[in-house]
Amino acid sequence: MASSRIEVKYPCQEAPEVTTDTPKNALNAADELSRTLLRKHFRSCRKQIGEAQRAQAEQKILERVAELIQHRGATTIGGYFPNDGEPDLTPLMTQLAPHQRFAVPVLHPFHKNHLLFLRTDQNTPLQPNKFGIPEPACEVPSVVPLAAIHVLLVPLVAFDQHGNRLGMGGGFFDRTLAPWLRGELPHLLPVGVAFDEQQAESLPHAHWDVPLPMIITPSKSWQFSRRDV
Ligand SMILES: Nc1nc2c(c(=O)[nH]1)N(C=O)[C@@H](CNc1ccc(C(=O)N[C@@H](CCC(=O)O)C(=O)O)cc1)CN2
Ligand SMILES: Nc1ncnc2c1ncn2[C@@H]1O[C@H](COP(=O)(O)OP(=O)(O)OP(=O)(O)O)[C@@H](O)[C@H]1O
């Protein structure tokens, strides 16, 4: 079988090349290795961004997100508490109007590798989950159904020019977004958020990966039609 080469642009440093001997899209050991190397590389890029550049970049992302929320008339916004060098967009919590609400993911207490979204504000008590990411206590009245979320800010490790997303490796957001991909969540807009340094030229993707329709970075708001992905 002909060898296919996965080529990725590495904006912040030289990275290893990965070759595969199987068709694109098949999940095999080489794809897994490629994902592992890419995660390592882009997680390191994300963490290396200095304090001043980070603050400026986060401000630009926040401005773009605020504009999107206003443009869509979104009243329920899904965000996240930052981990591992992700952009911190939690200042949004304090910027929302009284009729708007903010929800964050928590690890599902019974359903492994699934997420629940819980209403949160700046006064909500938090505790670290098994990954060290802050979470509100899982109480039924705080649950915000995915169907009620208008704009869901999705963290990512790397993205490409087609809207493909590489995450932390648990498949949490792919599982969360599978019903959206099937057209079951018509009010939801998933929006990837990232620093420009997290862009790869192309990413390997598997059948369960959910390509994002929109990605916001400090320098650009990307929109993808399903034809692109
Ligand atoms: N801010 C934020 N929250 C999120 C996610 C995310 O990407 N960002 N997730 C997106 O899915 C879920 C958590 N997924 C995660 C998966 C792996 C690791 C992690 O640090 N793994 C370690 C090793 C695993 C371990 O310690 O057991 C590592 O790779 O170093 C963190 C979060 C839900 N909440
Ligand atoms: N919709 C789904 N149903 C069942 N399993 C899934 C689904 N989506 C992903 N998975 C499983 O999750 C595992 C991790 O997927 P992947 O490496 O794409 O995670 P990721 O997108 O990087 O992580 P995350 O979304 O948590 O940031 C894979 O082994 C895959 O089989």
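Below or above, wherever it landed, is the structure these notes cover.

The rules we used
- Here the residue index of a chain counts from 1 through its sequence in written order.
- As they are written, the chains are lettered A onward and the ligands numbered 1 onward, keeping that order.
- This being a predicted model, a pLDDT of at least 70 is required before a residue's local features are given, and a value of 80 or more before pairs of side-chain atoms are given or counted; all residues contribute to the totals for chains, interfaces and linings.
- Here a residue counts as buried when 20 or more other C-beta atoms sit within 10 Å of its C-beta, as exposed when there are 12 or fewer, and as partly exposed otherwise, the C-beta atoms being derived from the backbone.
- To qualify as a helix, a DSSP run of H or I must reach at least 4 residues; to qualify as a strand, a run of E must reach at least 2; elements of each kind are numbered from the N terminus.
- In this analysis, strands are considered paired if DSSP registers two or more bridges between them.
- Placing the C-beta atom from the backbone, one calls a residue near a molecule or strand if that atom lies within 6 Å of it.
- Residues are grouped as follows: Ala, Val, Leu, Ile, Met, Phe, Trp, Tyr, Cys and Pro are nonpolar; Asp, Glu, Lys and Arg are charged; every other residue, Gly included, is polar.
- A residue pair is marked as a contact if its C-beta atoms, positioned from the backbone, fall within 7 Å.
- Helix span, as expected, comes to 1.5 Å for every residue beyond the first.
- To obtain the arc, one takes the directions from the helix axis to the C-beta atoms.

## Re the pairing of strand S4 (residues 101–107)
The element S4 is largely enclosed, with a buried count of five among its seven residues. In terms of strand pairing, strand S3 (residues 76–78) meets S4 through three bridges, oriented parallel. If you follow Ile 77 over to S4, its bridge partner there is Phe 102.

## Side note on the environment of Glu 139
On the secondary structure map, Glu 139 appears in the loop between strand S7 (134–136) and strand S8 (151–155). For the pair formed by Glu 139 and Ala 206, sequence separation is 67 residues and the distance between their alpha carbons is 34 Å.

## Side note on the site of ligand 2
Near ligand 2 lie 14 residues; those nearest to it are Gly 167, Gly 171, Phe 172, Phe 173 and Asp 174. The element that contributes the greatest number of residues to the shell around ligand 2 is helix H4 (residues 172–181), accounting for five residues.

## Looking at the site of ligand 1
Around ligand 1 sit 16 residues, and of these Asn 83, Phe 131, Pro 155, Met 168 and Phe 172 come closest. The residue inventory of the shell around ligand 1, partitioned by class, reads 11 nonpolar, four polar and one charged.

## Considerations on the environment of Asp 160
In this structure, Asp 160 sits in the loop between strand S9 (158–159) and strand S10 (165–166). Distance in space between the C-alpha atoms of Asp 160 and Ala 200 is 5.0 Å, their sequence separation being 40 residues. If we ignore the near neighbours within four places in the chain, the residues touching Asp 160 are Ala 200, Glu 201, Ser 202 and Leu 203.

## Some words on helix H2 (residues 51–72)
Relative to the 32 Å expected for 22 residues at 1.5 Å per residue, H2 spans 31 Å between its end C-alpha atoms, a close match to the ideal helical length. Along H2, the positions that sit buried rather than exposed are Glu 58, Ile 61, Leu 62, Val 65 and Ile 69. Axial view of H2: buried residues confined to an arc of 110°, hence all on one face. Facing away from the buried side of H2 by over 90 degrees, the exposed positions are Ala 52, Gln 56, Glu 63, Glu 67, Gln 70 and His 71. Each element contacted by the buried residues of H2 is listed here: S3, helix H3 (92–95), S8, strand S11 (189–193) and strand S12 (214–216). Where H2 ends, the next residue or the one after it, Gly 73, has phi of about 65°, a positive value.

## Let's talk about unusual backbone geometry
Positive phi values are uncommon outside glycine, yet Asp 84 reaches one of about 60°. A positive phi angle, close to 65°, is found at Asn 113, a residue other than glycine. Structurally, Asn 113 can be placed in the loop between S4 and strand S5 (115–119). Residue classification places Asn 113 among the exposed positions, given that 12 C-beta atoms sit within 10 Å.

## Concerning H4
Of all the positions in H4, only Phe 173, Thr 176, Leu 177 and Trp 180 are classed as buried. One face of H4 carries all of its buried residues, which in axial projection span an arc of 80°. Of the surrounding secondary structure, the elements contacted by the buried residues of H4 are S5, S8 and S11. Looking one or two places after H4, you find Gly 183, whose phi comes out positive at around 85°.

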